[in-house]
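Architecture and fold: a report
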Amino acid sequence: MLLPITQLRDPLNAVALPALSNLQNDKWKYNHYFCRYLFTLAFFSMPIVIYFAIFSNEIIFIVLGQKWIAASSIFKLLAISAFIQPVASTQGLLLITTGKARKYFYLGIINSTLVVAGFCVGINWGTTGIAISYAIVTYALFIPLLLYSLKDSHLSIFQFLEEILLPAVFALISGTGMFFVRANLEGSNSFVICIVGFFVGAIIYIGLWFLTNFTRKKINRILEIGQFLIKKNKLKA
């Protein structure tokens, strides 16, 4: 589930880590570039996770085969956590690039301890219980750990949430469209369902970004970052 997101996040991190580290003493520029990074990650990761959750049966069937169909229910439950996991992980980038490695270390201890505690409770209900406990812990810790990470930083919690709000809402709306596609194509070929669902979801999601001048300006950020990464790859080549 996280593999496509990792393919996006790694090149973004390669650019963001040194750039943000150099800007840690310039509050305005740091906020500007971190918000761009956060928005880009949310823009791509959230609709991808929604797509995987809705078409989990078909994706599991195509990738692993009929014998693994039962795993699709776990896949759906893990998608609940994966929806905010990529943006939540940017807390680490924030702390590292502002020279707060010790705070990042404590953040990791708190997070891992509570996640393992959740697993210990959830294991009583098997793999389903573990997946549910992971989702509960992920969302329960999101705001408290975010407040902890953002304390004494350049960024406010309102700025952080503002950057991920529209991608989350638009991803859920496009997910509604994909859900109806799947319902209407029930029993069709898995490849056909996935392809039609992808295009319908993509059209709805991208279309929503062109509704207002404000959202069009937001999506222009994606185009600018894409052009920058393409230029960088050409220079490396």
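Our focus in this paragraph is the overall build of the chain. Across its full length, the chain carries 11 helices and zero strands. The helix and strand sequence of the chain, counted from the amino end, reads α-α-α-α-α-α-α-α-α-α-α. Taken over C-alpha atoms, the radius of gyration comes to 19 Å for the chain, in line with the 18 Å a tight globule of 237 residues would show. Overall size of the chain, expressed as C-alpha extent along the three principal axes, is 55 × 45 × 35 Å. Expressed as a percentage of its 237 residues, the buried residues of the chain come to 43%. Restricting the contact set of the chain to residue pairs at least 6 apart, pairs at least 24 apart contribute 74%. Counting 19 positive and 8 negative side-chain charges, the chain places the averaged centre of each group 5 Å from the other.

A word on the packing of aromatic side chains. Counting across every chain of the model gives 18 aromatic pairs. Measuring from centroid to centroid gives 5.3 Å for Phe43 and Tyr205, while their planes differ by 50°, and the two rings are tilted. Here the residue Phe43 occupies a position in helix H2 (residues 27-54), and Tyr205 occupies one in helix H10 (residues 190-209), the gap between them amounting to 162 residues. In this structure Phe43 comes out as buried when scored by relative accessible area, which is 5%. The class of Tyr205 is buried, set by a relative accessible area of 4%. Their ring planes at 50° and their centres at 6.0 Å tell us that Tyr51 and Phe52 sit as a pair that is tilted. Residue Tyr51 is classed as buried on the basis of its relative accessible area, which comes to 14%. Assessed through its relative accessible area of 15%, Phe52 is described here as buried.

For Arg182, the position within the fold is in helix H9 (residues 157-184). We classify Arg182 as buried; its relative accessible area is 15%. Of note is the side chain of Arg182, whose polar atom sits 3.2 Å from the side chain of Glu58. Once you skip the residues sitting within four places of it in the chain, Arg182 turns out to touch Ile54, Phe55, Asn57, Glu58 and Ile193.

Looking now at H9. When the terminal C-alpha atoms of H9 are compared, their 40 Å separation across 28 residues agrees well with the 40 Å that a helix rising 1.5 Å per residue should span. The largest bend in H9 comes to about 30°, at Ile164, with the proline Pro167 one to four residues further on.

Summed over all chains, the structure comprises three salt bridges. For Arg182, the salt bridge goes to Glu58, with nearest N and O atoms at 3.2 Å. Residue Arg182 is found in helix H9, and its partner Glu58 is found in helix H3 (residues 56-64); the two are separated by 124 residues along the sequence. Considered together, Arg182 and Glu58 belong to a single accessibility category, that of buried residues. In the salt-bridge network here, residues are joined through shared partners; they are Glu58, Arg182 and Glu186.

Quick notes on the rules
Residues numbered from 1 in each chain as written. Predicted model: local features only at pLDDT ≥ 70, side-chain atom pairs only at ≥ 80, totals over all residues. Heavy atoms only, no water. Helix = DSSP H or I, 4+ residues; strand = E, 2+ residues; numbered from the N terminus. Rg over C-alpha atoms; globule rule 2.2 N^0.38 Å. Buried < 20%, exposed > 50% of the residue type's maximum accessible area, 1.4 Å probe, protein only. Contact = heavy atoms within 4.5 Å. Lys, Arg positive; Asp, Glu negative; His and termini not counted. Charge placed at Lys NZ, Arg CZ, Asp CG, Glu CD. Phe/Tyr/Trp six-rings, centres within 6.5 Å; stacked < 30°, edge-to-face > 60°. Polar contact = N/O pair within 3.5 Å; in protein donor to acceptor, adjacent residues only side chain to side chain. Expected span 1.5 Å × (residues − 1). Bend = angle between axes of the 7 residues up to and from the residue. Salt bridge = Lys/Arg side-chain N within 4 Å of Asp/Glu carboxyl O.

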